[in-house]
Amino acid sequence: MPRFPMIFACLALWALPVQALESSQGALRVEEKAQGLSAPWGFGFLPSGEVLITEKAGRLLRLDPDGRLSEITGLGEIANRGQGGLLDILVPGDFETRRELFFTFAKPQGQGEGTAVARARLSPAGDALQDWTVIYEMTPGSSGGRHFGSRLVEASDGTLFVTIGERGDRPSAQDLSRENGSVLRITRTGEVPRDNPFVGQEGARGAIWSYGHRNPQGAALDLDGQLWVSEHGAKGGDEVNRVVKGANYGWPVISYGRHYSGAKIGEGTAKPGMEQPAHYWDPSIAPSGLMIYSGALWPEWRGDVFTGSLKFGFLSRLDPSDGWAEERIEGPETGRLRDLREAPDGAIWILSEEQGALYRLSP
């Protein structure tokens with residue numbers, strides 16, 4: 001058999017560029033899975049091996065295992081304004097049997113927009129959404145294009161956690177009659193679970209699970225099923241919080257940051273009845289996306305907290321067992337990381353807004 005094809009194959013392999021990110025666990029292999037994305041915001045894995053990706057302007061894309069991107073139709077009306085648009089996507093654990101998907105987005109509400117949650121079914125062919133239904137929306141009255149929050153997490157009991165920013169209206173984060181600056185807990189039909197902390201309290205929105213948040217753009221369950229969020233501060237004071245039922249996280253009364261003008265925020269860094277962050281950054285890194293790693297491919301990282309930096313362009317790894325020590329993993333692929341997830345095989349996937357690309361990291 002001629003040896004030339006083997007030689008050419010070896011030359012081709014040698015010529016491939018080696019993409020890697022350096023980390024405390026050695027080089028991380030980087031594979032580009034999708035490119036040409038426009039302001040991507042969230043993504044989720046389907047059991048079939050396909051990946052669904054949201055773009056803020058209002059497109060839902062399907063990435064096939066062979067790398068082809070196609071658009072899925074059937075989205076409802078979405079307000080693409082400022083930081084609002086089509087935002088997060090959740091593929092629930094029972095997708096194979098029910099084919100339901102959940103989305104957060106900015107919904108037109110008269111003179112302004114508010115964060116809302118929609119449910120839809122993915123068609124058998126996987127190219128269209130069916131029965132798009134808004135199951136919950138925040139109380140109307142907010143305006144401007146800031147702080148929609150908007151991460152979605154499926155709790156261990158099947159309910160949904162939804163993060164909502166204070167929409168740039170700072171005092172509203174302390175107002176239980178509005179969902180601004182809160183984490184909500186709702187059912188898959190948008191109803192309020194009867195064991196939520198403020199159910200039956202006069203003037204309070206029953207969907208609220210915790211409040212006093214500024215703009216949580218990361219949310220994830222840890223290995224014990226406990227919810228955590230990462231949220232934007234102002235000038236300093238970005239936080240990672242362990243979310244406790246009924247708790248008040250203090251914004252804008254307490255903060256470890258300052259206003260962008262340099263003025264002091266509220267009353268200081270602590271006040272009785274208000275929770276302290278598990279970790280905070282100063283200066284701010286603008287955290288987006290949150291993942292708590294299982295240890296499947298990197299056992300030393302089991303239980304570590306990962307988030308992306310929109311401001312400085314790195315992947316942040318925090319070790320809660322080591323005083324929340326931080327490792328910053330960075331390269332061209334980590335520019336403005338908007339979302340990150342652990343894949344079923346234990347690989348880490350990251351979504352770069354700056355690169356308009358989705359990457360897979362493996363040992």
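Parameters and conventions
- Residues numbered from 1 in each chain as written.
- Predicted model: local features only at pLDDT ≥ 70, side-chain atom pairs only at ≥ 80, totals over all residues.
- Heavy atoms only, no water.
- Helix = DSSP H or I, 4+ residues; strand = E, 2+ residues; numbered from the N terminus.
- Buried < 20%, exposed > 50% of the residue type's maximum accessible area, 1.4 Å probe, protein only.
- Contact = heavy atoms within 4.5 Å.
- Pairing = 2+ DSSP bridges.
- Axes fitted to C-alpha atoms, helices over the stretch in contact; angles between N-to-C directions.
- Phe/Tyr/Trp six-rings, centres within 6.5 Å; stacked < 30°, edge-to-face > 60°.
- Lys NZ or Arg CZ within 6 Å of the ring centre and 35° of its normal.
- Patch = residues over 30% accessible without salt bridge, like charges linked within 9 Å, V, L, I, M, F, W, Y side chains within 5 Å.
- Areas by Shrake-Rupley, 256 points an atom, 1.4 Å probe, with all protein chains shown as cover.
- Salt bridge = Lys/Arg side-chain N within 4 Å of Asp/Glu carboxyl O.
- Lys, Arg positive; Asp, Glu negative; His and termini not counted.
- Charge placed at Lys NZ, Arg CZ, Asp CG, Glu CD.
- pLDDT = per-residue confidence, 0-100.

Moving on, we come to the environment of isoleucine 285. Within the secondary structure, isoleucine 285 is located in the loop between strand E18 (279-281) and strand E19 (287-292). By relative accessible area, which is 0% here, isoleucine 285 ends up buried. In this structure, the C-alpha to C-alpha distance between isoleucine 285 and histidine 232, residues 53 residues apart in sequence, is 8.3 Å. Contacts of isoleucine 285, omitting those with residues within four sequence positions, involve Asp238, Thr307, Ser309, Leu310, Lys311, Phe312, Phe314 and Arg328.

Attention now goes to the sheet that holds strand E11 (residues 152-154). Spatially, the 4 strands line up as an open sheet ordered E11-E12-E13-E14, and their pairing is antiparallel. Pairing within the sheet leaves two strands with one partner each, and these edge strands are E11 and strand E14 (208-211). When strand polarity is set aside, the average angle formed by the axes of neighbouring strands in this sheet is 20°. Two elements, strand E12 (residues 160-164) and strand E13 (residues 182-186), share 5 bridges in a ladder whose sense is antiparallel. Bridge pairing in E13 links isoleucine 164 to serine 182.

Looking now at the packing of aromatic side chains. The final tally for this structure, using the stated rule, is 13 aromatic pairs. On the basis of an interplanar angle of 85° and a centroid distance of 5.7 Å, the ring pair of phenylalanine 43 and phenylalanine 45 is categorised as edge-to-face. One exposure class covers both phenylalanine 43 and phenylalanine 45, and it is buried. Here the aromatic rings of phenylalanine 105 and tryptophan 132 are separated by 5.4 Å at their centres, their planes lie at 55°, and the arrangement is tilted. Residue phenylalanine 105 is located in strand E8 (residues 100-109), and its partner tryptophan 132 is located in strand E10 (residues 129-137); the two are separated by 27 residues in the primary sequence. Like tryptophan 132, phenylalanine 105 is buried. What links up through ring pairs into an aromatic cluster is the set Tyr293, Trp298, Trp301 and Phe306. Stacked on the ring of phenylalanine 148, the Lys or Arg arginine 167 has its end atom at 3.9 Å from the ring centre. Here the basic side chain of arginine 341 rests over the ring of phenylalanine 43, its NZ or CZ set 5.6 Å away from the ring centre.

The sheet built from 4 strands is open, its strands ordered E15-E16-E17-E18 with antiparallel pairing. What marks the edges here is a single partner per strand, and that holds for strand E15 (216-221) and E18. The average undirected angle you get between the axes of adjacent strands in this sheet is 15°. Looking at chain direction, strand E16 (residues 227-231) and strand E17 (residues 238-242) are connected through 4 bridges and run antiparallel. Bridging across to E17, serine 230 finds its partner in valine 240.

Across the 5 residues of E13, 5 count as buried, placing the element largely inside the fold. Residues Ser182, Leu184 and Ile186 line one face of E13 and the alternating positions Val183 and Arg185 line the opposite face, and both faces are buried. In terms of strand pairing, E13 meets E14 through 3 bridges, oriented antiparallel. Counterpart to serine 182 in the pairing with E14 is tyrosine 211.

Let's shift gears to a positive patch on the surface. There is a patch of like positive charges on the surface, built from Lys235, Arg258, Lys264 and Lys311. Among the secondary structure elements, lysine 235 is positioned in the loop between E16 and E17. Of the residues examined, lysine 235 reaches a relative accessible area of 49% and is grouped as partly exposed.

The next point concerns the side chain of threonine 334. Positionally, threonine 334 belongs in the loop between strand E22 (325-329) and strand E23 (337-342). Since its relative accessible area comes to 0%, threonine 334 is described here as buried. For threonine 334, the residues in contact, after removing those within four places along its chain, are Leu21, Ser309, Gly313, Phe314, Leu315, Ile329 and Ile350.

Moving on: the pairing of strand E2 (residues 28-34). Strand direction decides the pairing type here: strand E1 (residues 20-21) and E2, joined by 2 bridges, are antiparallel. Each bridged residue has a counterpart across the sheet, and for leucine 21 the counterpart in E2 is leucine 28. Where E1 folds back onto E2 in an antiparallel hairpin, the turn is made up of 6 residues, including glycine 26, whose phi is positive at roughly 90°. Note that E2 and strand E25 (residues 357-362) share 5 bridges and pair antiparallel. When the sheet's bridge partners are listed, glutamate 32 is paired in E25 with tyrosine 359.

All right, on to the confidence of the model for the protein then. In low-pLDDT regions, the fine details of the predicted coordinates are not to be read closely. On average, residues of the protein score 94 in pLDDT, and 95% of them reach the 70 mark or higher. Counting contacts from residues 1-18, a segment whose pLDDT is below 50, to residues more than four positions away or on other chains yields 0 contacts.

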